[in-house]
Amino acid sequence: QVQLVESGGGLVQAGGSLRLSCAASGRTFSNYRMGWFRQAPGKERDEVAAISRSGDSTYYADSAKGRFAISRDNAKNTVYLQMNSLKPEDTAVYYCAADSTVVAGTWDYWGQGTQVTVSS
């Protein structure tokens, strides 16, 4: 079992930057693919970025490409999302998720989320 706690959200002006962190419990963090999702009010939860267990492969949604960067530090049991050139449409609750990779296409664990608000 993995427990996830996000931090780093807040209020930022358009064009600014934030770095989100997700701290994971447990001794098997490196066995999980990690991802970031976001959910705006009245919208469904969408995947923003993901990173492989070793950190050698990443995925980004089209809306995040060129602006966001996901990374992980397995020694610290932490995954990060660096967000640059933020836009008002990036406003959402951002969630960290973990995938055991045992069952394809599933995310097994979720954090409680951290609010990101981008003003225009």
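Each remark here, short or long, concerns the structure printed above.
Just so it is clear, the structure is predicted and the values come from calculations on it, not from any experiment.

The rules we used
Residues numbered from 1 in each chain as written. Predicted model: local features only at pLDDT ≥ 70, side-chain atom pairs only at ≥ 80, totals over all residues. Heavy atoms only, no water. Core = buried A, V, L, I, M, F, W, Y, C linked by side-chain atoms within 4.5 Å. Buried < 20%, exposed > 50% of the residue type's maximum accessible area, 1.4 Å probe, protein only. Helix = DSSP H or I, 4+ residues; strand = E, 2+ residues; numbered from the N terminus. Contact = heavy atoms within 4.5 Å. Salt bridge = Lys/Arg side-chain N within 4 Å of Asp/Glu carboxyl O.

**Here's the deal with the nonpolar core**
Move 1: Residues M34, W36, V79, L81, M83 and Y94 are the most contacted members of the largest nonpolar core, which totals 28 residues.
Move 2: Going through the elements one at a time, strand 3 (18–24), strand 4 (33–39), strand 5 (46–51), strand 7 (68–73), strand 8 (78–83), strand 9 (92–99) and strand 11 (114–119) are the ones with two or more residues in this core.
Move 3: Dropping the residues within four chain positions of it, Y94 is found in contact with E6, L20, W36, F37, R38, V48, F68, L81, M83, G113, T114 and V116.

**A short note on the pattern of salt bridges**
Move 1: Taken as a whole, this structure holds four salt bridges when the rule is applied.
Move 2: Between K65 and D62 there is a salt bridge, and its shortest N-O distance comes to 3.2 Å. Grouping residues by exposure puts K65 and D62 together as exposed.
Move 3: The partner of D90 in a salt bridge is R67, with the nearest N and O atoms 2.7 Å apart. Of the two residues, D90 sits in the loop between strand 8 and strand 9 while R67 sits in the loop between strand 6 (58–60) and strand 7, which places them 23 residues apart along the sequence. Each of the two residues, D90 as well as R67, counts as buried.
Move 4: Each of R38, R67 and D90 takes part in a single network of salt bridges with overlapping partners.

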